[in-house]
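Structural description and commentary
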Amino acid sequence: MSVKPVLKMGHPTLLSRSEEVSQFDTAELHALIQDMKDTMTHLNGAGIAAPQIGVLKRVVIFGFEANVRYPSESAVPFTILINPTIECLNETMEEGIEGCLSVPGLSGSVPRHTKIRYRGYDPLGDAIDRTVTDFHARVVQHECDHLDGVLYPARIKDFSTFGFIE
Ligand code: NI
């Protein structure tokens with residue numbers, strides 16, 4: 001498999017809604033996931049969504065032990081999440097700095113729910129059901145937004161936080 005080009009903000013595919021995966025454990029699905037892994041690893045991403053490599057399927061992957069893009073954040077278990085749904089478990093939203101492989105060189109502060117339950121499926125079709133907080137919750141909300149065509153700049157409230165990293 002291979003490292004794929006990542007679509008950049010402005011590409012219409014990134015604003016599209018992705019389709020549900022209807023068949024699990026297929027060669028096509030495993031190949032897509034391998035491409036996403038290779039691409040995310042190559043770019044030191046904390047997560048990536050299928051539409052970012054041009055595939056409009058509801059598949060996201062995320063997780064890291066330690067991440068150079070987010071050095072102060074604690075580890076998030078590596079997860080492949082298909083057809084995800086998110087339930088927000090509290091009203092509390094917290095601002096936190098985000099970046100995105102589709103918005104290279106920039107970062108900004110985005111409000112996200114601090115506690116969520118997320119459900120979905122792994123590549124074999126087995127159910128995933130987790131309740132998580134803080135950065136793990138933030139990463140899941142960011143990646144799942146991609147499946148509905150939402151990039152993080154659209155969620156920024158305070159644009160004084162948005163700018164080039166360097
Ligand atoms: Ni992103």
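Residues numbered from 1 in each chain as written. Predicted model: local features only at pLDDT ≥ 70, side-chain atom pairs only at ≥ 80, totals over all residues. Heavy atoms only, no water.

1. A short note on the side chain of H113
Selection rule: Numbering goes from the N terminus for both helices and strands, where a helix is a DSSP run of H or I of at least four residues and a strand is a run of E of at least two. The cut-offs for exposure are 20% and 50% of the maximum accessible area for each residue type, with area from a 1.4 Å probe on protein chains only; residues under the lower value are buried, those over the upper are exposed, and the others partly exposed. N or O atoms closer than or at 3.5 Å make up a polar contact, with two conditions inside protein: a donor-capable atom paired with an acceptor-capable one, and, for residues adjacent in sequence, both atoms drawn from side chains. The contact criterion used throughout is that any non-hydrogen atoms of two residues lie within 4.5 Å.
Examined against the element boundaries, H113 turns out to sit in strand β5 (residues 106–113). On the basis of relative accessible area, H113 is assigned to the buried category, the value being 16%. A polar side-chain atom of H113 sits 3.2 Å from the main-chain carbonyl oxygen of N90. The residues contacting H113, other than those within four sequence positions of it, are C88, N90, E91, T92, M93, A137 and Q141.

2. Examining the coordination of the nickel ion
Threshold: Sites may look incomplete, because water is not among the atoms used; the donor set itself consists of N, O and S atoms within 2.8 Å of the metal (3.2 Å for Na, K and Ca).
Those donors, C100 (SG), H142 (NE2) and H146 (NE2), are the protein atoms that reach the nickel ion, and they lie 2.1 to 2.3 Å from it. When the donors of the nickel ion are listed by position in the chain, the intervening gaps give C-x41-H-x3-H. One end of the pair, C100, is in the loop between β4 (93–98) and β5; the other, H142, is in helix α2 (residues 134–147), and 42 residues separate them in sequence. On the basis of relative accessibility, which here comes to 7%, the residue H142 falls in the buried class.

3. Structural notes on the pattern of salt bridges
Test applied: Salt bridges are defined as contacts in which a side-chain nitrogen from Lys or Arg sits within 4 Å of a carboxyl oxygen from Asp or Glu.
With the rule as written, the count across this model stands at 12 salt bridges. Linking R17 and D148 is a salt bridge whose minimum nitrogen-to-oxygen distance equals 3.9 Å. You can see R17 sitting in the segment before α1 (27–42) and its partner D148 sitting in the loop between α2 and β8 (163–164), a full 131 residues away along the chain. For D148, a relative accessible area of 39% puts it in the partly exposed group. Because the salt bridges share partners, they merge into one network encompassing E98, R112, R138, D145 and R155.

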